Amino acid sequence: MPQDVEFTVPLESRVSPDLPRARRHHLAWVRESGLLRDEEALRRYECLRVADSAAYGFPYAAGADLDLCFDLLGWLFLLDDHLDHHTDARPGARGDNHPAARPAARPRASAAARTEDAVALCQQLVDHLRYGTRPGAGAAPVVAAFADCWQRMSHGMSQEWRRRTAHDWVDYLAGWPTKIADRIPGALPDPAAHLRARRRTIGLRPLLALAERTGHYEVPLPAWCSSHLEGMRIAACDAIIAMNEVHALERDEASGRPNLVLSLMHHQGRARPEALREVGDTARRSVETFLQLHACLPQLERDLGGRVPELARYADAHAAWIRGYHDWGRTAPCYEDVRRPG
């Protein structure tokens, strides 16, 4: 277990049996979409198996539904990697053996120019969501690939669902300038600021909307807007963030990225074991909060005036992601690679 921290997640462990087939589809999609054209980069990406998290977070999905989940999870990772390539100002910070490193380095622009490029890329994605702007012939593959995923994700869903889900995607993308600023060498936000930023850029809210799409249901708007379900989303988000911060600690430390453990050590004077325990406690409390809110769903149904069967499915999507991230993250090669000698 990374960092010798064990998380208590009393939820059912599940994984889609369609994982091997979906993995093959996804690698073909990544190649055909132009996200990774170099065969060596594609081979390294295949070894990371980052998109496998889709089979854990969406264990009920199969066929075209699981393909969409794989492609979107892979896209999220490759967007992060693409923006890292533009925003990391420290020479060699990524490391020559970084699994997603490009085989040939390009001349490095100034930090300001790289940040402007990254923000402009996010704006293209936001424009597509808000205005339906189609990617042009010269659009970056990461933009065209998202347009493909969004078209598949929104197909057959109501305008109401599209509006709220587009808002969640825009909020995720708008969080990237903060994430980029926090990756400037020497910048280490305090724990509260780091958690606020991570809640936006962890990407769980659009993934919960994807759970509705691939589960072929929609949560009624009065329920979706309730403080009860918002509390569940925040609890699930914080649980996943805390686990991710522990899993990614060595990777973040090696590359100079902010991390909640490092922030607690720097701003609050915690020793490393103490900071790790504190982050582990955050995960535990968040899971407990989610379970308490889950148990109170019958009361929410009564408050809404009757039975709302979509609530149980939506709550299960949260549970699948909390447990699924726990199971996938413990042995994910993208976290293991930085800890291997050599």
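Quick caveat, the model's predicted, so the values are computed rather than measured. (Residues numbered from 1 in each chain as written. Predicted model: local features only at pLDDT ≥ 70, side-chain atom pairs only at ≥ 80, totals over all residues. Heavy atoms only, no water.)

A. Focus on unusual backbone geometry. The backbone phi angle of arginine 49 is positive, close to 55°, even though this residue is not glycine. Examined against the element boundaries, arginine 49 turns out to sit in the loop between α2 (39-48) and α3 (53-57). The phi angle at histidine 216 is positive, at roughly 60°, despite the residue not being glycine. With respect to the secondary-structure elements, histidine 216 resides in the loop between α10 (204-215) and α11 (221-224). (Helix = DSSP H or I, 4+ residues; strand = E, 2+ residues; numbered from the N terminus.)

B. Inspection of empty space enclosed by the protein at higher detail. Taken as a whole and judged by the stated rule, the model has three cavities of 30 Å³ or more. In this model, the largest cavity occupies a volume close to 70 Å³. Considering the residues around the largest cavity, the lining is formed by Arg23, His26, Leu27, Tyr45, Glu46, Arg49, Val50, Ala51, Asp52 and Phe70. Residue assignment for the lining of the largest cavity shows that the elements contributing at least two residues are α1 (19-32) and α2. Element by element, the count of residues in the lining of the largest cavity is highest for α1, at three residues. In the lining of the largest cavity, the residues fall into five nonpolar, one polar and four charged. (1 Å grid on protein atoms, 1.4 Å probe; cavity = no way out; pocket = protein on both sides within 12 Å on 5 of 7 lines; lining within 4 Å. Points joined across faces, edges and corners; volume = space filled by probe spheres on them. Nonpolar A, V, L, I, M, F, W, Y, C, P; charged D, E, K, R; others polar.)

C. Examining the packing of helix α12 (residues 227-247) against helix α17 (residues 310-331) more closely. Where α12 contacts α17, the two axes come as close as 9 Å, and the packing angle between them is 5°. Classified by the angle between their axes, α12 and α17 sit roughly parallel to one another. Where α12 abuts α17, its residues Leu229, Met232, Arg233, Ala236, Ala239, Ile240, Met243, Asn244 and His247 lie against Leu311, Tyr314, Ala315, His318, Trp321, Ile322, Tyr325, His326, Gly329 and Arg330. When grouped by side-chain class, the residues that make up the contact of α12 with α17 number twelve nonpolar, five polar and two charged. (Axes fitted to C-alpha atoms, helices over the stretch in contact; angles between N-to-C directions. Parallel < 35°, antiparallel > 145°, perpendicular 65-115°, else oblique. Contact = heavy atoms within 4.5 Å.)

D. Local environment of the packing of α10 against α17. At a minimum axis distance of 10 Å, the contact between α10 and α17 shows a crossing angle of 125°. Classified by the angle between their axes, α10 and α17 sit oblique to one another. Two packed elements cross with a definite hand, and for α10 against α17 that hand is right-handed. Mapping the contact onto sequence places Leu204, Leu207, Leu208, Ala211, Glu212 and Gly215 in α10 and Arg313, Tyr314, Ala317, His318 and Trp321 in α17. Looking at the contact of α10 with α17 residue by residue, the class counts come to seven nonpolar, two polar and two charged. (Left-handed = near helix turned anticlockwise from the far one by under 90°.)

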